Amino acid sequence: MPPTVIHIAGTGSFAAEVIEFARAAGLDVAGLIEPIDPLRVGGEAHGLPILDPGVPPRPGAAAAVGVGHERLRIRRLLADAGWGDATIVHPSAVVSPSAVIGAGVVIGPLVVVGAQSHVGDHALLGRGVLVGHHTTIGEGSTLNPGANVAGGVTLGTEATVGMGASVAQGLAVGDGALIAAGAVVVRDVQAGVRVQGVPARAFATEHRT
Ligand SMILES: CC(C)(COP(=O)(O)OP(=O)(O)OC[C@H]1O[C@@H](n2cnc3c(N)ncnc32)[C@H](O)[C@@H]1OP(=O)(O)O)[C@@H](O)C(=O)NCCC(=O)NCCS
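Please read all numbers here as calculations on a predicted model, not as lab measurements. (Residues numbered from 1 in each chain as written. Predicted model: local features only at pLDDT ≥ 70, side-chain atom pairs only at ≥ 80, totals over all residues. Heavy atoms only, no water.)

Helices and strands together make up the secondary structure of the protein, namely 2 helices and 25 strands. Computed over its C-alpha atoms, the radius of gyration of the protein comes to 17 Å, within 12% of the 17 Å expected for a compact globule of 209 residues. Projecting the C-alpha coordinates of the protein onto the three principal axes gives extents of approximately 45 × 35 × 25 Å. Within the protein, the proportion of its 209 residues that are buried is 47%. Contacts in the protein between residues far apart in sequence, at least 24 positions, make up 23% of those at least 6 positions apart. For the protein, the exposed surface amounts to about 9300 Å²; the carbon and sulfur share of it is 57%. Counting 12 positive and 16 negative side-chain charges, the protein places the averaged centre of each group 6 Å from the other. (Helix = DSSP H or I, 4+ residues; strand = E, 2+ residues; numbered from the N terminus. Rg over C-alpha atoms; globule rule 2.2 N^0.38 Å. Buried < 20%, exposed > 50% of the residue type's maximum accessible area, 1.4 Å probe, protein only. Contact = heavy atoms within 4.5 Å. Areas by Shrake-Rupley, 256 points an atom, 1.4 Å probe, with all protein chains shown as cover. Lys, Arg positive; Asp, Glu negative; His and termini not counted. Charge placed at Lys NZ, Arg CZ, Asp CG, Glu CD.)

Below, the structure is given as structure tokens:
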């Protein structure tokens, strides 16, 4: 069977990583979609042509959003133009057979997802992320490299967990919350709040990633 052909939204340095994740997963990356800077459309990045997100794709074409923020907004833009979802799971990731992985999720190398966890649509799990068992990762959330989210955690929509940060078991992290790199979260985090440090404490008032 020929490899599935996909496109990746994003043309910056992180796109280079996502291209490699996709190729390692046996996908054929045909091009990139530039969702932010129209001046880049028509050019080339990482050896691939750059397309306008508004150009209607051929029927059934899929795209993965590789950019590190505003993932859901960009996903909606692509969906409006007719792009389907491409899900990328690096072959070195260990995903429990009882875990559910949503549409358009990107999972990097050496990620582990535990039993009966749920990774919401368009979430991004960077290199070496650990997700415990019975944990829910909200739609469009970003877990940066080395983040460790324990079992029974509920992470809201579009939350961000910084590099190497840990979230202890059973906690709730609200929509749009930001956990700074290296933080150790031992209490629930309210929606939109940024926490940092060990143990993690709220840094400012409202924060939106
Ligand atoms: C939390 C974060 C978003 C803050 O960025 P910022 O708003 O630009 O913050 P600043 O750098 O202006 O720092 C503001 C204050 O917070 C402190 N701070 C910043 N990041 C911190 C962290 N991770 N832990 C503890 N304190 C931190 C700074 O030292 C500074 O303190 P000061 O005011 O006493 O000097 C960022 O540091 C972070 O952790 N991002 C996650 C990055 C990540 O995982 N990237 C992955 C790329 S692959």
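There's plenty left to go through after this.
With that settled, the discussion passes to the domain arrangement of the protein. Partitioning the protein into structural domains gives domain 1 (5–86) and domain 2 (89–206). Distance from the C-alpha centre of domain 1 to the C-alpha centre of domain 2: 23 Å. Opposite the 14 residues of domain 1 that make contact, domain 2 presents 20 residues. Between domain 1 and domain 2 the total buried area reaches about 1200 Å² when both faces are included, carbon and sulfur atoms providing 66% of it. Counting the surface domain 1 buries against domain 2, the share from its top three residues, F21, R71 and L72, is 49%. Seen at the junction of domain 1 and domain 2, the total is 1 salt bridge. Here R127 ties to E17 by a salt bridge, and the two come within 3.1 Å at their closest N and O atoms. Within the residue set of the side of domain 1 that touches domain 2, elements represented by two or more residues are helix 1 (13–24), strand 5 (62–65) and helix 2 (71–80). For the side of domain 1 that touches domain 2, the leading source of residues is helix 1, giving 5 residues. Its residues assigned to classes, the side of domain 1 that touches domain 2 shows 9 nonpolar, 1 polar and 4 charged. (Domains from an automatic or database assignment. Buried area = accessible area lost by both parts, 1.4 Å probe. Salt bridge = Lys/Arg side-chain N within 4 Å of Asp/Glu carboxyl O. Nonpolar A, V, L, I, M, F, W, Y, C, P; charged D, E, K, R; others polar.)

This part covers a nonpolar patch on the surface. Judged by side-chain polarity, V94, V112 and L130 come together as a nonpolar surface patch covering roughly 220 Å² of accessible area. Structurally, L130 is set in strand 14 (residues 130–131). Exposure remark for L130: the relative accessible area of 36% places this residue in the partly exposed category. (Patch = residues over 30% accessible without salt bridge, like charges linked within 9 Å, V, L, I, M, F, W, Y side chains within 5 Å.)

Looking now at the sheet that holds strand 17 (residues 148–149). Reading across from one edge, 8-11-14-17-20-23 is the order of the 6 strands in this open sheet, with parallel pairing throughout. Each having just a single partner strand, strand 8 (94–95) and strand 23 (184–185) make up the two edges of the open sheet. (Pairing = 2+ DSSP bridges.)

Moving on, we come to the site of the ligand. Around the ligand, the surrounding shell consists of N144, P145, G162, M163, L178, A180, A181, R194, Q196 and F203. In this structure, an oxygen atom belonging to the ligand sits 3.2 Å away from a side-chain N or O atom of N144. Bound to the protein, the ligand loses 40% of the 910 Å² it would expose on its own. Of the residues in the shell around the ligand, the class split is 6 nonpolar, 3 polar and 1 charged. (Near = heavy atom within 4 Å. Polar contact = N/O pair within 3.5 Å; in protein donor to acceptor, adjacent residues only side chain to side chain.)

So, about helix 1. Between the first and last C-alpha of helix 1 there are 17 Å, a value that for 12 residues agrees with the 16 Å anticipated at 1.5 Å per step. Inspection of helix 1 places A15, V18, I19, F21 and A22 among the buried residues, and these make up the whole buried set. One side of helix 1 carries all its buried residues, which in axial view fall inside an arc of 160°. The exposed set on the far side of helix 1, more than 90 degrees from its buried face, consists of S13 and E20. On its buried side, helix 1 packs onto strand 1 (5–9), strand 2 (28–33), strand 4 (48–51), strand 7 (88–89) and strand 10 (106–107). (Expected span 1.5 Å × (residues − 1). Arc of directions from axis to C-beta.)

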